[in-house]
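Observations on the model geometry
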Amino acid sequence: LRGTRPPHPDVLVVAVDEKSAQKYGRWPWPRQLMARAIDRLREAGVAAVGLDMTFTDEVPDEAARAYAEALAALDKALAESPEPPPALASLREELQRRSELSGDAALAAALVRAPQVVQGVIIYSEAQRAEFAQQAAEREPALEPLLLRRLGGPVPRSSYELDLNIHRTWGGYSIQVPLPAFVQAGSRLGHFSIAPDIDGTVRRVPLFALLTGPRGL
């Protein structure tokens, strides 16, 4: 009944679509590429960035591994050479630098540079606890200080404590917490889970999600 509404001019969707997949390859993309995208958005002056994607798993970086193997081979050759050429010293420094710059490290550094980024997280239910038990044991302590248990009051610098026992909203047991390096780099997390109606249609997205494991919003 409402009809269509024009998008707000201050909101821009940066989509991973067919055109971008043709240019950069199939998803998931290298995290170095995601780091460059975040840097470009920051340089463009964005006020906030919400990512509807998660970074919960380490990604083996084949390029960094190849540089590390080349560095090891060079070190072995230098150890066996009585007088290694001085020019190889700069080569060794470059190999070492590239071997240490993994995709995860590049993305974490980009998140540090862009505190306006909100990392996406996915909520899981009580029935899925066993599936994420190991991850929860390792990462949920980092989640505790990020949960919302107080809201700002009507008076500047005031706040009040939420009564989570009477608070009614959609939720689940906990979230899939990003890798520790990413949580340390950027502490803003936001869920992008959907809550379809009984007919399967998504008509609204809850602003908050109430977690019952580590209790909070």
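In this text the structure is predicted, and so the values were computed from the model without any measurement. (Residues numbered from 1 in each chain as written. Predicted model: local features only at pLDDT ≥ 70, side-chain atom pairs only at ≥ 80, totals over all residues. Heavy atoms only, no water.)

Here's the deal with the side chain of Arg139
Relative to the assigned elements, Arg139 resides in helix 6 (residues 133–143). Only 2.8 Å separates the side chain of Arg139 from the backbone oxygen of Val177, close enough to count as a polar contact. Contact partners of Arg139, with chain neighbours within four places excluded, come to Thr56, Val177, Pro178, Leu179 and Pro180. (Helix = DSSP H or I, 4+ residues; strand = E, 2+ residues; numbered from the N terminus. Polar contact = N/O pair within 3.5 Å; in protein donor to acceptor, adjacent residues only side chain to side chain. Contact = heavy atoms within 4.5 Å.)

Observations concerning the sheet that holds strand 2 (residues 117–121)
Taken in spatial order, the 3 strands of this open sheet run 1-2-8, and their pairing is parallel. Of all the strands in the sheet, just strand 1 (49–50) and strand 8 (189–191) have a single pairing partner and so form its edges. Alignment of strand 2 against strand 8, held across 3 bridges, turns out to be parallel. Counterpart to Gly120 in the pairing with strand 8 is Gly190. (Pairing = 2+ DSSP bridges.)

Considering the confidence of the model for the protein chain
When pLDDT is averaged along the protein chain, the result is 87; 99% of the residues meet or exceed 70. Looking across the protein chain, the model is least confident in helix 4 (residues 87–100), with a mean pLDDT of 77, and most confident in strand 1, with 96. (pLDDT = per-residue confidence, 0-100.)

With respect to the pattern of salt bridges
Scanning the model with the defined rule gives 10 salt bridges in all. In this structure, Asp39 and Arg113 form a salt bridge, with 2.9 Å as the shortest nitrogen-oxygen distance. Of this pair, Asp39 sits in helix 2 (residues 31–43) while Arg113 sits in helix 5 (residues 103–113), and the two are 74 residues apart along the sequence. Asp39 sits in the buried class, given a relative accessible area of 11%. Of the charged contacts in the structure, one is a salt bridge between Arg150 and Glu161, with a shortest N-O distance of 4.0 Å. Residue Arg150 is found in strand 4 (residues 150–152), and its partner Glu161 is found in strand 5 (residues 159–161); the two are separated by 11 residues along the sequence. (Salt bridge = Lys/Arg side-chain N within 4 Å of Asp/Glu carboxyl O. Buried < 20%, exposed > 50% of the residue type's maximum accessible area, 1.4 Å probe, protein only.)

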